[in-house]
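Chain by chain, the residues:
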Amino acid sequence: MNILAPPRARLQIEVVFDLVCPWCYLGTRRLRRALRTRPDILAEILWRPFLLNPDIPAAGLPRHDFLTRKFGGEERARRLHATIAELGRAEGVPFRFDRIRRMPSSLDAHCLVRYAAREGLGDAMVDTLFHAYFAEGADIGHTDTLVLLALRIGLEMGGVHHFLDSGAEADAVHAENLRAHRLGINGVPCFVIGGRHAIAGAQEPEVLERLIDVALVDE
């Protein structure tokens, strides 16, 4: 530790996101890349849930049915996914949309992120869930799948299973989703930096860095 080094500036960054949103996965990777270039900042990331598909049943939907309903068919979705996959490769994000068989409800996954955050593992849980869904095609709406993913980051099986079965935090996730809409956030990802400066979309790291500098000046 260099005791002569200047103290790092503390900065809170709220990430409003959904775990089934590929742009959110891409955007969070870009945020992390931006932060790696700023050793002068001690960033605290707060994960704020957003439900892109609040009406999806707990058991999810067949992926084909969901894509037909949302895009009018798989061909349009395939073109969009090809574009996202190309952008992902530049960030080391291995999108494998072909492996996804079900469109899950993301409610329980968001609850699990909140649970993990209490153990100081929120960031790891988000990364694990994103990778499991978009790279492995895992059904992150299924309780057994969520328990196994929680084990990957060191959480205890019994505690996670009990938590998910209890439905705890579901009301809090719905409340956060409602709060985001009331704040005018209608799309994700959205980054709220320093509590006052917000920007939506999977922004390039350079754009995020500029907003971080603005937020630091206002601190």
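Anything mentioned here points back to the structure above.
Report on the accompanying structure. (Residues numbered from 1 in each chain as written. Predicted model: local features only at pLDDT ≥ 70, side-chain atom pairs only at ≥ 80, totals over all residues. Heavy atoms only, no water.)

### Observations regarding helix 3 (residues 74–90)
With 17 residues, helix 3 ought to run about 24 Å at 1.5 Å a step, and its terminal C-alpha atoms sit 25 Å apart, in line with that. For helix 3, the full list of buried residues reads Ala77, His81, Ile84, Ala85 and Gly88. Down the axis, helix 3 shows its buried residues gathered within 110° of arc, on one side only. Among the exposed residues of helix 3, those pointing more than 90 degrees away from its buried face are Arg79, Glu86 and Ala90. (Helix = DSSP H or I, 4+ residues; strand = E, 2+ residues; numbered from the N terminus. Expected span 1.5 Å × (residues − 1). Buried < 20%, exposed > 50% of the residue type's maximum accessible area, 1.4 Å probe, protein only. Arc of directions from axis to C-beta.)

### Things to note about the sheet that holds strand 5 (residues 190–193)
A sheet is described by the order of its strands in space; here four strands give the open sequence 2-1-5-6, paired in mixed fashion. Pairing within the sheet leaves two strands with one partner each, and these edge strands are strand 2 (41–49) and strand 6 (197–200). Direction aside, neighbouring strands of the sheet carry axes that sit 20° apart on average. Where strand 1 (residues 9–17) meets strand 2, nine bridges bridge the pair, whose relative direction is parallel. Paired with Leu11 across the two strands is Ala43, which belongs to strand 2. The strands touched by helix 1 (residues 22–36) are strand 1, strand 2 and strand 5; relative to strand 2, the strand with the most contacts, the crossing angle is about 170°. (Pairing = 2+ DSSP bridges. Axes fitted to C-alpha atoms, helices over the stretch in contact; angles between N-to-C directions. Contact = heavy atoms within 4.5 Å.)

### Section: the nonpolar core
Residues Met125, Leu129 and Ile140 are the most contacted members of the largest nonpolar core, which totals 68 residues. In this view, Met125 contacts Leu112, Val113, Ala116, Leu149, Ala150, Ile153 and Leu155; residues no more than four positions away in its chain are not counted. (Core = buried A, V, L, I, M, F, W, Y, C linked by side-chain atoms within 4.5 Å.)

### Here we look at the packing of aromatic side chains
Going through the model one piece at a time under the given rule, you end up with eleven aromatic pairs. Arranged with centres 4.8 Å apart and planes meeting at 10°, the rings of Tyr25 and Phe130 form a pair that is stacked. Separated by 105 residues along the polypeptide, Tyr25 in helix 1 and Phe130 in helix 5 (residues 122–134) bring together distant segments of the chain. On the basis of relative accessibility, which here comes to 2%, the residue Tyr25 falls in the buried class. Assessed through its relative accessible area of 0%, Phe130 is described here as buried. Judged by centre distance (5.4 Å) and plane angle (80°), the rings of Phe95 and Phe134 are edge-to-face. Of the two residues, Phe95 is situated in the loop between helix 3 and strand 4 (102–103) and Phe134 in helix 5; the sequence distance between them amounts to 39 residues. The exposure classification of Phe95 matches that of Phe134, with both residues buried. Taken together, Phe17, Tyr25, Trp47, Phe95, Phe97, Phe130, Tyr133 and Phe134 form an aromatic cluster joined through their ring pairs. (Phe/Tyr/Trp six-rings, centres within 6.5 Å; stacked < 30°, edge-to-face > 60°.)

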